[in-house]
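The lines below spell out each chain.
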Amino acid sequence: MINNWLDTIWLIPCYSLIGAMLSIIWFPGITRKTGPRPAGYINIFMTLCSLVHAIAALTVVWGQPAQLYSFPWLEVGGLNFTIDLQISEITVGAIVLVTAINLLAELYAVGYMEMDWGWGRFYALLALFEAGMCSLVLCDSLFFSYVILEILTLGTYLLVGMWYNQSLVVTGARDAFLTKRVGDLFLLIGVVGLLPLTGNWNFSELTEWAKTTDVSPTTITLVTLALMVGPMGKCAQFPLHLWLDEAMEGPLPSTILRNSVVVATGAWVLVKLQPLLALSPLTQQAVIAVGAATALGATLIAIAQIDVKRSLSYLTSAFMGLIFIAVGAGETHSAYTLIFSHALAIALLLMAVGSIISNSVSQDLSLMGGLWSRRPISGLCFLVGAIGLIGLPPLGGFWAMVDLISHLWDKNPALAELILLINGLIAFSLMRVFGLIWGGRPKQMTERSVEPLWLIVLPMTIMAGIVLHVPQMLTAWGIITDWNLLLSPKALLLSSSSVAGLATGAYLYLNQQVPKPVTLPWQGLQSFFANDFYTPKLYKVTIVGLVDGVSKGMYWFDRFFVDGVGNFFGLATLFSGQNLRYSTFGQLQLYTLTIMVGIGVLLLLLFNRAL
């Protein structure tokens, strides 16, 4: 009986889709008597079914080799499209991670969006995300992975634009959609260009092909560079990072899911493509360069933000940059561990700050403070999430980073040192957020702030417990094999960078003797960081300007050429009709005049031809 859990694992995305379709019944325009709440309860139940099914399947597949399944889908033009699935410890474990975080996010949303009437649409879109991500991790086909990523892009647009009556929300949804479309276009080019080289799109077969192929270096470099740009957009890497910042306009419970696992879908595809990327040294260097630039730059930007959600969103981009470094260096083991530890820690951090936003109304860090005595549970959960994210033992972030640094130290010590710097800056940024919210004296927006509804506190504390138990999980999975690694020189350096970042942040933002706000001596440099390296303005003169110019050109062509030609023929028909109507009145002189003019024109043409 238990084997059926694994044989029917393809049903897991279907549970979420069923919940999404049933949510339509409770849209406010359809059902008014019951209100929208049943839509949330149904989706929570379906996500729970997915989680139970995934855990049961994980117990079966644990310790077993990966299994491949192929289902025929379409044969056309010599192409044979099949739906290919890969079932392994990693893929089923990823489904458990996705469904567990989504379940807690949905429970969190019950309390956070208590007074919102958009439950049906909101929970339906969360279910769409869950179904898409579960399908993506099972999918062994690059082509269908691209299709699923496109569906998730549409889901991002709809979920960010949830409160579409607000102008900033509409702008954020539009900008997020257009920015991701740039990466999607290049990914499509790479997907199409890869087929003539390999003859298939299956990740498992592409891995085997990469081991024996003798392909042109120029060709494989161009194809892999195009394939790299797609994950850049999904993971919010420079210069396609602004969409994640704009996506903060959406409801916070959706931000929990998006910043933890949705943004990691690009990293998942990038890890799958690593054998192909390794065929081109230039592409590997490009992946490392993009990841390093994003990790360092996004962390500096996060430190200069006063919006708490945007500060954490830039840290998400920074952590995805570390995953890019791991993939570019060929350390896929470290990349998987980074994805896992980051998803849990950032979800907890967002839940903690969301509990503050829920009844403090404001997201402005400069208006907060003094909440440690009033909000200790939220503060403790934030600290657990911060320690779980950075390289401080014994939680998950430490083991992921120390594994990556250990492999890089001999091959590229400069890159390992850069990761130590980035880790220290991330620790400083998190302590800055903690100090501005929970440290100091209460301010106007936090004077009467108390812990929110238990429906917000309960999922947050459960997530904190999961983050605290990450070391036990990593030990049980065989990822942590030697606890003596805590005393190795590389581990001590990593721990020291974390302690230095936390101590510096605590001194500046928990010390009442230091005047607030803390500013850099160079105001221009601080403005450069606070304004995101002025990349929004760069977007306006490049991507946005190009789209605007093309749109205006198409409008002019349609308005003056297409409409002009149509209007010309319309006026000509009207004019000729106005003149021909006289012929129906039997006016002989008009008939004679028309015949004489026609004969004259005909004679003139014949005379010119004779000459």
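Reading the values: rules and limits
- Residues numbered from 1 in each chain as written.
- Predicted model: local features only at pLDDT ≥ 70, side-chain atom pairs only at ≥ 80, totals over all residues.
- Heavy atoms only, no water.
- Helix = DSSP H or I, 4+ residues; strand = E, 2+ residues; numbered from the N terminus.
- Buried < 20%, exposed > 50% of the residue type's maximum accessible area, 1.4 Å probe, protein only.
- Contact = heavy atoms within 4.5 Å.
- Areas by Shrake-Rupley, 256 points an atom, 1.4 Å probe, with all protein chains shown as cover.
- Lys, Arg positive; Asp, Glu negative; His and termini not counted.
- Charge placed at Lys NZ, Arg CZ, Asp CG, Glu CD.
- Salt bridge = Lys/Arg side-chain N within 4 Å of Asp/Glu carboxyl O.
- 1 Å grid on protein atoms, 1.4 Å probe; cavity = no way out; pocket = protein on both sides within 12 Å on 5 of 7 lines; lining within 4 Å.
- Points joined across faces, edges and corners; volume = space filled by probe spheres on them.
- Nonpolar A, V, L, I, M, F, W, Y, C, P; charged D, E, K, R; others polar.
- Core = buried A, V, L, I, M, F, W, Y, C linked by side-chain atoms within 4.5 Å.
- UniProt positions renumbered as here; feature names shortened; annotations may be inferred.
- Axes fitted to C-alpha atoms, helices over the stretch in contact; angles between N-to-C directions.
- Parallel < 35°, antiparallel > 145°, perpendicular 65-115°, else oblique.
- Left-handed = near helix turned anticlockwise from the far one by under 90°.
- Phe/Tyr/Trp six-rings, centres within 6.5 Å; stacked < 30°, edge-to-face > 60°.
- Disulfide = S-S within 2.5 Å.

As recorded in an unreviewed UniProt entry, the protein chain goes by the name NAD(P)H-quinone oxidoreductase subunit F, listed as coming from Pseudanabaena galeata UHCC 0370.

## Description of the overall build of the protein chain
From N to C terminus, the protein chain includes 26 helices and two strands. For the protein chain, the spread of C-alpha atoms along the three principal axes comes to 110 × 65 × 60 Å. Considering the protein chain as a whole, with its 611 residues, one finds that 52% of them fall into the buried category. Within the protein chain, contacts between residues at least 6 apart in sequence are counted, and of these 79% link residues at least 24 apart. Carbon together with sulfur atoms contributes 69% to the accessible area of the protein chain, which is approximately 27,500 Å² in total. Treating the 28 positive side-chain charges of the protein chain as one cloud and the 31 negative ones as another, the clouds have centres 13 Å apart.

## Here we look at the pattern of salt bridges
Two side chains bearing opposite charge may form a pair once their charged atoms approach each other closely. The tally for this structure, following the rule as stated, stands at six salt bridges. With its nearest N and O atoms 3.1 Å apart, the salt bridge here joins Glu331 to Lys411. Here the residue Glu331 occupies a position in the loop between α15 (308-328) and α16 (332-360), and Lys411 occupies one in helix α18 (residues 396-411), the gap between them amounting to 80 residues. Taking relative accessible area as the criterion, Glu331 reaches 12% and is therefore assigned buried. Under the relative-accessibility criterion, Lys411 is labelled exposed at 53%. Three or more residues are tied together by salt bridges with common partners; here these are Glu150, Arg181, Asp184 and Lys234.

## Digging into empty space enclosed by the protein
Applying the stated criterion across every chain yields a total of one cavity of 30 Å³ or more. By volume, the largest cavity is sized at about 40 Å³. Lining the largest cavity we find Leu149, Leu152, Thr153, Lys180, Lys234, Trp243, Val262 and Thr265. Looking at side-chain class alone, the lining of the largest cavity contains four nonpolar, two polar and two charged residues.

## Describing the nonpolar core
In this structure, Ile101, Leu227, Leu322, Leu338, Phe382, Leu430 and Ile437 are the most contacted members of the largest nonpolar core, which totals 182 residues. Counting residues per element, this core draws most heavily on α16, at 17 residues. Excluding residues within four positions of it along the chain, Leu430 makes contact with Leu312, Leu315, Leu349, Phe382, Ala386, Leu389 and Ile390.

## Some words on the side chain of Ser341
Along the chain, Ser341 turns up in helix α16. Sequence-distant contacts of Ser341, that is, excluding residues within four places in its chain, are made with Phe319, Gly388, Gly396, Gly397 and Ala400.

## With respect to the UniProt feature "domain: NADH:quinone oxidoreductase/Mrp antiporter transmembrane" (unreviewed entry) in the protein chain
Listed under "domain: NADH:quinone oxidoreductase/Mrp antiporter transmembrane" (unreviewed entry) in the UniProt record, and renumbered for this structure, are residues 141-423. Structurally, residues 141-423 is divided into 78% helix and 0% strand, and its ends, taken at the C-alpha atoms, are 35 Å apart.

## Points about the packing of helix α9 (residues 217-234) against helix α14 (residues 281-303)
α14 packs onto α9 with a crossing angle of 20° between their chain directions and a minimal axis gap of 9 Å. Judged by the angle between their axes, α9 and α14 are roughly parallel. Between α9 and α14 the crossing geometry is right-handed. Contacts between α9 and α14 involve Thr221, Thr224, Leu225, Met228 and Met232 from the former and Leu282, Thr283, Ala286, Val287 and Val290 from the latter.

## Side note on the packing of aromatic side chains
The final tally for this structure, using the stated rule, is 16 aromatic pairs. On the numbers, 5.1 Å between centres and 20° between planes, the contact of Phe143 with Trp201 is stacked. Residue Phe143 is located in helix α6 (residues 142-160), and its partner Trp201 is located in the loop between α7 (167-198) and α8 (203-212); the two are separated by 58 residues in the primary sequence. Judged by centre distance (6.1 Å) and plane angle (65°), the rings of Phe428 and Tyr509 are edge-to-face. Linking Phe428 in helix α19 (residues 413-438) with Tyr509 in helix α22 (residues 489-509), this pair joins segments that are 81 residues apart in sequence.

## With respect to the state of the cysteines
Under the criterion given, the structure shown has zero disulfides. Looking at the unpaired Cys14, the closest cysteine sulfur is the one in Cys134, lying at 11 Å. Of the cysteine sulfurs around Cys49, a residue in no disulfide, the closest is that of Cys14, at 13 Å. Residue class for Cys49 comes out partly exposed when judged on its relative accessible area of 25%.

## Side note on unusual backbone geometry
For the peptide bond that leads from Phe238 to Pro239, omega is 0°, which places it in the cis range. Assignment of secondary structure puts Pro239 in the loop between α9 and α10 (242-246). With an omega of 10°, the peptide bond between Pro393 and Pro394 qualifies as cis. Backbone geometry places Ala236, a non-glycine residue, at a positive phi of 55°. For Ala236, a relative accessible area of 0% puts it in the buried group.

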